[in-house]
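Structural characterization, general
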Amino acid sequence: MTNDTPDNEVAGSPESSVPRVASTGALLSVGQELREGKPVPRRQILSWALWDWGGASFNAVITTFVFTVYLTNTKGFGGTDFVSAQLGWWMGGAGIIIAVLAPITGQRSDGGRRKFWLGVNTFLVVLLSAMMFFVIPAPNFVYLGLLLVAAGTVFFEFASVNYNAMLREISTPKSIGKISGFGWSMGYFGGIVLLLILYFGFIHPDVGLFGVTSENGLSVRVSMLIAAGWFALFAIPILVAVPERRTPGGPKTRVGLISSYATLGRDIAKLWKTSRHTLRFFIASAIFRDGLTGVFTFGGILAAGTFGFSAGDVIIFAIAANVVAGISTVFVGLLDDRLGPKWVMVTAISGTIAAGLAVFIFHAGGATVFWIFGLLLSAFVGPAQSASRSFLSRIVPPSRQGEMFGLYATTGKAATFLAPVAFGLFVTIFGAQYWGILGIVLVLLVGLILLLPVSTRAESHRIE
């Protein structure tokens, strides 16, 4: 894809970060927007979104549909219940680390080294993903697998803080929702392509490419090498094409952990005094985002345990879910710019709640029910997540992007226990897996209720 603007020129205010991919037409329309009198460089927009495309290797393949399923469902690791419980504890520990360190990550990115730290953290995710090749199905290796997943999650979230903060550098106030949706959809479509490659190339056939079989977990382990290479390849464009920028007013010196939290405390106190609606948005979004994450996290488990899907069926469903989520995110991103991100969030979360209740009520209908309402759930998740990101980018001044996205990550990770605990609690009380659906729905409902009073008026989100 070409563009007439030199790659080192950026159009628009540094207010947004790109979404996941859609169509050539969507990208071209983005390129027609003006930033500071210059066209938004299409190559930079596409390069930004390709990071999301590559990041699907970690989100879709490692933490959701392939590697964690390999750990929990392979007998050699010590049993499904035991490994599932351990996975929950290790991921909880990762969430605590992220919550503790996200503020310093965001504040340092505001000093003008967003791309540098994005590169460092992306490299670490790629390295940890590749090391999963060495996790063979034996009890002595289960903790290595858990450590790699947890550590990869930490560094992926750190990279995401810097990635999200770069949104404003490649968008304009008029195109931020469109670009954010473009980036989210790129992640979904990247997941689709990679899952197809892994499924037909290594996991589904008895003998896959290069003679790879499932013996000793080799098909999954080789898939981890492919996933690592996939992320590394598609992370290169953003590091090459999107220029490093020091935003005016951002911190110019390195900050320590204690000083970062002193700053965080002052920021929260200031938000409470001057911009309570922004603080309320942080809280509401932390809760409903965790519920949205729970939809995908437990989707595969429910498909197999309640609705009778095989392991292969789960991957096929995952591909279909990503297609639906990607397409819906692209088109709803256009509505974000026209009707506003809050309208998108409220509608999407409400739709997710309704579809979740339908899955619960009609669970006896088997696989057909899950295909219908599971895909409907997928159609709402992406738009809600994308609109949440674009809402924050619209209300945060350019010099505070990294810091506020650090707070965004901090509050989000502080709530990561909600959906898993609610899911487990309902299953424990009622004794059947499908009751866990109501736990996730409850988390989404609480987030929606807290979101409704948040103002959309700019003067209500004055961040000083």
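These figures come from a predicted structure and were not determined experimentally.

What to know about the packing of helix α2 (residues 42-65) against helix α7 (residues 218-241)
The description of two helices packed together rests on the angle between their axes and the distance between the axes. Relative to each other, α2 and α7 sit at 160°, their axes nearing to 8 Å. With respect to their mutual orientation, α2 and α7 come out roughly antiparallel. For the pair α2 and α7, the sense of crossing is left-handed. Here α2 contributes R43, Q44, S47, W48, L50, W51, W53, G54, G55, S57, V61 and I62 to the contact with α7, which in turn contributes M224, A227, W230, F231, F234, A235, P237, I238 and A241.

Describing the environment of F116
Relative to the assigned elements, F116 resides in helix α4 (residues 80-131). Sequence separation between F116 and L239 is 123 residues, and the spatial gap between their C-alpha atoms is 8.1 Å.

A short note on unusual backbone geometry
Non-glycine residue F210 carries a positive phi angle of around 60°. Its place among the elements puts F210 in the loop between α6 (176-203) and α7. Classification of F210 as exposed rests on a relative accessible area of 78%. In this structure, N216 takes a positive phi of about 60° despite not being glycine.

What about the packing of aromatic side chains?
Within this structure, the stated rule accounts for 28 aromatic pairs. The interplanar angle of 80° and the centroid separation of 5.5 Å between the aromatic rings of F133 and F134 together place this pair among those described as edge-to-face. In this structure F134 comes out as exposed when scored by relative accessible area, which is 52%. Here F281 and F391 contribute two aromatic rings whose centre-to-centre distance is 4.6 Å and whose plane-to-plane angle is 45°, an arrangement assigned as tilted.

Remarks on the nonpolar core
Among soluble globular proteins, nonpolar side chains are generally buried collectively. Among the nonpolar cores identified, the biggest contains 114 residues, and W48, W51, V61, F67 and L195 are the most heavily contacted of them. Among the elements that take part in this core, α6 stands out by supplying 13 residues, more than any other.

Examining the environment of V120
Mapping V120 onto the fold places it in helix α4. Residue V120 is classed as partly exposed on the basis of its relative accessible area, which comes to 27%. Placed 35 residues apart in sequence, V120 and F155 show a C-alpha to C-alpha distance of 9.0 Å.

Overview of the side chain of S386
Looking at the secondary structure, you find S386 in helix α13 (residues 367-395). Owing to a relative accessible area of 3%, S386 belongs among the buried residues under this scheme. Apart from the residues within four sequence positions on either side, S386 is in contact with S180, G181, W184 and T329.

Some details on the packing of helix α9 (residues 276-297) against helix α15 (residues 418-430)
At a minimum axis separation of 8 Å, α9 and α15 run at an interaxial angle of 60°. Here α9 lies oblique to α15, going by the angle between them. Taking contact as the criterion, the partners of I287, D290, G291 and G294 in α9 are, on α15, L418, A419 and P420. Class assignment for the residues of the contact of α9 with α15 results in 4 nonpolar, 2 polar and 1 charged.

Cut-off values and rules
- Residues numbered from 1 in each chain as written.
- Predicted model: local features only at pLDDT ≥ 70, side-chain atom pairs only at ≥ 80, totals over all residues.
- Heavy atoms only, no water.
- Axes fitted to C-alpha atoms, helices over the stretch in contact; angles between N-to-C directions.
- Helix = DSSP H or I, 4+ residues; strand = E, 2+ residues; numbered from the N terminus.
- Parallel < 35°, antiparallel > 145°, perpendicular 65-115°, else oblique.
- Left-handed = near helix turned anticlockwise from the far one by under 90°.
- Contact = heavy atoms within 4.5 Å.
- Buried < 20%, exposed > 50% of the residue type's maximum accessible area, 1.4 Å probe, protein only.
- Phe/Tyr/Trp six-rings, centres within 6.5 Å; stacked < 30°, edge-to-face > 60°.
- Core = buried A, V, L, I, M, F, W, Y, C linked by side-chain atoms within 4.5 Å.
- Nonpolar A, V, L, I, M, F, W, Y, C, P; charged D, E, K, R; others polar.

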